[in-house]
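So the chains spell out like this:
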Amino acid sequence: MALTALEIKNAKPGLHADGAGLYLHIGKTGGASWIFRYQLNRRRREMGIGPLAAVSAPEARAKAAALKAM
């Protein structure tokens with residue numbers, strides 16, 4: 001289930017699932033970034049997609065979909 005613009009704006013510190021391995025990470029100091037989680041060789045990995053200020057939600061979803069297709 002994708003995060004809405006209001007949920008993104010009001011998100012508290014922590015990881016917030018957007019779906020398909022995409023997460024919004026809000027730090028304790030308020031910094032926000034997009035994280036893509038995937039599994040490679042039976043190990044969970046995380047890849048940063050970019051900060052919330054530079055990468056919008058639709059762009060992050062498109063990048064996550066492209067990474068998932070690899």
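Residues numbered from 1 in each chain as written. Predicted model: local features only at pLDDT ≥ 70, side-chain atom pairs only at ≥ 80, totals over all residues. Heavy atoms only, no water.

Spatially, the 4 strands line up as an open sheet ordered 1-2-3-4, and their pairing is antiparallel. Strands at the two margins of the open sheet, each flanked by one partner only, are strand 1 (14-19) and strand 4 (43-51). Neighbour-to-neighbour, the strand axes of this sheet turn through a mean angle of 30°, independent of strand direction. Two elements, strand 3 (residues 32-40) and strand 4, share 8 bridges in a ladder whose sense is antiparallel. Opposite Arg37, over in strand 4, you have Glu46 as the bridge partner. (Pairing = 2+ DSSP bridges. Helix = DSSP H or I, 4+ residues; strand = E, 2+ residues; numbered from the N terminus. Axes fitted to C-alpha atoms, helices over the stretch in contact; angles between N-to-C directions.)

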